[in-house]
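# Topology and contacts: notes
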Amino acid sequence: QAQLVESGGGSVQTGGSLRLSCAASGRTFSNYHMGWFRQAPGKEREFVAGISWRGSSTYYADSVKGRFTISRDNAKNTVYLQMNSLKPEDTAVYYCAADYVPRQVIRVVSTTPEEYDYWGQGTQVTVSS
């Protein structure tokens with residue numbers, strides 16, 4: 001069982017920045033593609049960004065491309081989401097998630113929540129205008 005713990009959420013004004021962290025434990029972190037998702041009140045959970053197990057490939061939702069950057073440090077079992085130029089529509093609970101990928105399998109990072117095996121508890125991000 002993997003445990004994921006997010007941190008770094010908070011309240012900022014439009015144009016501000018936040019850096020989310022997700023610390024993983026319990027499994028071999030480098031065996032997992034990692035993703036960030038978010039869910040606003042009354043909306044479905046949506047993909048924000050993803051990174052391959054090695055960190056060589058990254059993917060972004062169109063709504064955050066150019067503003068958010070996902071990265072990972074496998075030595076620290078941590079994935080990050082740097083969020084710049086934040087907008088009110090970025091307000092949501094942000095979740096990190098882990099998708100197990102067997103080494104003999106070549107699979108791109110998924111944007112579908114159902115593909116992920118483990119989830120953190122979420123961290124609130126609020127952007128005020």
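Residues numbered from 1 in each chain as written. Predicted model: local features only at pLDDT ≥ 70, side-chain atom pairs only at ≥ 80, totals over all residues. Heavy atoms only, no water.

## Observations concerning the side chain of T123
Heads up, the condition is: Numbered from the N terminus, helices here are DSSP runs of H or I no shorter than four residues, and strands are runs of E no shorter than two. Whenever two N or O atoms come within 3.5 Å, that pair is a polar contact, provided that in protein one can donate a hydrogen and the other can accept it, and provided that, for residues adjacent in sequence, both atoms are side-chain atoms. Only heavy atoms matter for contacts: two residues are in contact if any of them lie within 4.5 Å across the pair.
Mapping T123 onto the fold places it in strand β11 (residues 123-128). Engagement of the side chain of T123 in a polar contact is seen with the backbone nitrogen of G9, the distance being 3.3 Å. Apart from the residues within four sequence positions on either side, T123 is in contact with E6, S7, G8, G9, L20, A92, V93 and Y94.

## Here we look at the sheet that holds strand β1 (residues 3-7)
Rule in force here: Here the rule is simple: two strands pair whenever DSSP picks up at least two bridges between them. As a rule, the C-alpha atoms of each element are fitted with a line to give its axis, helices using only the stretch in contact, and angles between N-to-C directions run from 0 to 180 degrees.
The strand order across the open sheet formed by 4 strands is β1-β3-β8-β7, and the pairing between neighbours is antiparallel. At either margin of the open sheet sits one strand with a lone partner, and together these are β1 and β7 (68-73). Taking the axes of each pair of neighbouring strands and ignoring which way they run, one obtains an average angle of 15 degrees across the sheet. Relative to strand β8 (residues 78-83), β7 is paired through 6 bridges, and the arrangement is antiparallel. Opposite D73, over in β8, you have T78 as the bridge partner.

## A word on the state of the cysteines
Here is the rule we go by: Our working definition of a disulfide is a cysteine sulfur pair at a distance within 2.5 Å. The cut-offs for exposure are 20% and 50% of the maximum accessible area for each residue type, with area from a 1.4 Å probe on protein chains only; residues under the lower value are buried, those over the upper are exposed, and the others partly exposed.
Under the criterion given, the structure shown has 1 disulfide. The disulfide partner of C22 is C96, and the S-S distance across this bridge is 1.9 Å. For the disulfide bridge between C22 and C96, the dihedral angle about the S-S bond is near 45 degrees, and by the sign convention the bridge is right-handed. Pair noted here: C22 is in strand β3 (residues 18-25) and C96 is in strand β9 (residues 92-100), with a separation of 74 residues, a long-range link. Note on accessibility: C22 and C96 belong to one class, buried.

## Looking at the packing of aromatic side chains
Quick note on the threshold: Here a Phe, Tyr or Trp ring, Trp counted by its six-membered ring, pairs with any other such ring whose centre lies within 6.5 Å, and the pair is stacked when the planes are under 30 degrees apart, edge-to-face when over 60, and tilted otherwise. To sit over a ring, a charge needs its Lys NZ or Arg CZ within 6 Å of the ring centre and within 35 degrees of the ring normal.
Overall, the coordinates contain 7 aromatic pairs when judged by the stated rule. Ring geometry for F37 and Y116: centres 5.1 Å apart, planes at 80 degrees, overall edge-to-face. Here Y116 lies in the loop between β9 and β10 (118-119) and F37 lies in strand β4 (residues 32-39), a separation of 79 residues in the sequence. For the pair shown, F37 and Y116 are each scored as buried. One aromatic cluster is present, formed by F37, F47, Y95, Y116 and W119 through successive ring pairs. Over the aromatic face of W119 sits the side chain of R45, whose NZ or CZ is 4.7 Å from the ring centroid. Against the face of F29 rests R72, its NZ or CZ located 4.4 Å from the ring centre.

By themselves, these are just geometric observations and shouldn't be taken as functional.
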